[in-house]
Structure formats: structure tokens, C-alpha cells
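Reading the structure
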Amino acid sequence: MFRGFYTVASGMLSQQRKTEMLTNNISNANTPGYKADTAAMRAFPEMLMQRMDSTTVPTDNRLSLPLHRNIGSLNTGVYMQETIPTFTQGDLQETGNATDVALITGTLPDEGGAVLFTVEGDGGEERYTRNGNFTVNGNGFLTTNSGHYVLDGNGERIQLDSDEFTLGENGEILVNGAQESSLGIAYTGNAQDLVKEGDGLFSSETALTPAQAGTFTMVQGQLERSNVDASRSMTDMLSSYRAFEANQKVLQAYDRSMDKAANEIGRVNG
């Protein structure tokens, strides 16, 4: 019976974590460039049950005898193995701001690939984002809305005289018709290798390669909205909550059964 406690508890924990993930998705439904997470649920290995009076090991050939017949398998619960961001294209929202840039995914050589802006992390390392809500700081550097420097194709910070510039489809930054710099766009063949770090940033164990022409286009004065389906996320969250409640009721039933076993069945009347 104690195995049931662990199975039900694992179900409650996995549904709680899934609910937290869905809540985070919904709260970022209006965050530019946000990529919704999906949960990868996995079952723990099943246990093969045998009769209690079995005196042989599972590899013994005598297991075919009726005395040592297998009872069956027992599922030991479920867990949320990981959260995986979904890199589908979000809708575009027009802002009219020259420093807002929407990155549109083109034809990619890999089905699970993705293209992202390259920015500088807190420690000077490269980080990646789909949030093109940029601005020009007091020193003339192009930064993200949270202050991370936007990098060019050579991994250098982009410094401009003003925020009055024109952006080409391939990321060229033109001032008075002359190209001053270009936005650095990175490509990964497997977007699932990227790790979310918060604040719209992704990291990778290895530096990503520059994106080739044709794999992306850019639109100035617009932002890519998040790809969160709020209605679907709300439905999934209610389903996850109902599953949590069902596991909770089973756990309460186990608790009542154990209470009876400990306090009533073993009682001896004088």
C-alpha cells in the first residue's frame, strides 16, 4: 500500500509543476518574443511483481513453474522530465518605433532549428533572444529593453549616433543611406538545446553559428508577439488542476485505509 502513496505523490508533484509552467506561459502572453514552454512527462520504470512465496531470483528458469508465476507489472508514478520551448513564429504587432525589430523565421535547413538575435549577457558571454524590443541608451549603444547590449555579426556592441536609422531585411543598419552596422543573427539546428535563463534570454553550451541569408527577414517598427495560446493554456491548466485533485483524493483514501489498519483492525477487545 505504501507504494501507492509514492505513485500518487509523484502524480501530484508532476501536475503541480506543469501548472506552474502553464501559469508562467499565461503571465508572459503579452511579452514580445516569448516562446511558450511545453511539458515532457515521463513514467518511472515499471516494477515486475511476483508471488510473495517465490524463493528464486527473476532469472531462474524455474520461474515458469506455477508456484513462481509472475503477478504482473506495477507502475511507479510519473514525473515532469523537462520543459521544452516551442519556437513557432508569433504574430506581429506594429509599434511604429524605429528601434523595435521583428525577426521572422524563413526557410531553415533543419526542421527543429531557430534563428535569434545575439546579445551580450551579464558576464560578457553571448546570449540569444527573440525579443526585438530594443532601445538606444545614453551612450548610443543599442540595447535590449532590460539593458543587454545588442551585438553585430562580429560579436561587437552596436553604437549609433541616434535612434533615427533604417533597418534592412537582412539586418543592415543604415544611417543617412550609409550602412553603419548590422544586427547579429544566430542560428541553431536544434532549438531544444537552448536553455532559458529568464528575461527572454537563451544560452547554449556552444556558440551558435551566424544565420545564412534566406533563413530570416526583419521588419522595423514591429514586434513579434509571444506564441502563447492563452485559451489552450487555460484549458490545459484546468485539466492539470483536475488531475492534481484526483490524485489528492486517492491519497486521502490511502490515508484513511492506513488509519483503519493501524487503529481499528489491529485492536483487540478485552
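Residues numbered from 1 in each chain as written. Predicted model: local features only at pLDDT ≥ 70, side-chain atom pairs only at ≥ 80, totals over all residues. Heavy atoms only, no water.

A word on the pairing of strand 15 (residues 195-198). Sheet topology note: the strand 15/strand 16 (residues 201-203) ladder contains three bridges and is antiparallel. Considered in strand 16, the bridge of K196 is made with F202. As consecutive antiparallel partners, strand 15 and strand 16 are separated by two residues, and within that stretch D199 has a phi angle of approximately 60°, a positive value. (Pairing = 2+ DSSP bridges. Helix = DSSP H or I, 4+ residues; strand = E, 2+ residues; numbered from the N terminus.)

Here we take up the packing of aromatic side chains. Under the criterion given, the structure shown has three aromatic pairs. The interplanar angle of 80° and the centroid separation of 5.1 Å between the aromatic rings of F117 and F134 together place this pair among those described as edge-to-face. Of this pair, F117 sits in strand 7 (residues 114-120) while F134 sits in strand 9 (residues 134-136), and the two are 17 residues apart along the sequence. Using a relative accessible area of 1% as the deciding quantity, one classes F117 as buried. Given the relative accessible area of 3%, F134 is considered buried. Here the guanidinium or amino end of R157 rests over the ring plane of Y149, the centre of that ring lying 3.7 Å away. (Phe/Tyr/Trp six-rings, centres within 6.5 Å; stacked < 30°, edge-to-face > 60°. Buried < 20%, exposed > 50% of the residue type's maximum accessible area, 1.4 Å probe, protein only. Lys NZ or Arg CZ within 6 Å of the ring centre and 35° of its normal.)

In this section: the sheet that holds strand 11 (residues 166-167). Hydrogen bonds along the backbone pair up the strands of a sheet, which may run parallel or antiparallel. Across the sheet, three strands lie side by side as 11-12-13; this open sheet has antiparallel pairing. Bordering the open sheet on either side are strand 11 and strand 13 (178-182), each of which pairs with just one other strand. Of the strand pairs in this sheet, strand 12 (residues 172-175) and strand 13 are connected by four bridges, and their pairing is antiparallel. Across the sheet, the residue bridging to E172 is S182, located in strand 13.

Within the secondary structure, T144 sits in strand 10 (residues 142-144). If sequence neighbours within four positions are ignored, T144 has contacts with V119, N133, F134, T135 and V150. (Contact = heavy atoms within 4.5 Å.)

Right, let's talk about the pairing of strand 12 for a bit. Alternating residues of strand 12 divide into I173 and V175, all buried, and E172 and L174, none buried. Where strand 11 and strand 12 come together, two bridges link them in antiparallel fashion. Bridged to T166 within strand 12 is L174. In this structure, the hairpin formed by strand 11 and strand 12 is closed by a connection of four residues, where G171 is found at a positive phi of approximately 95°.

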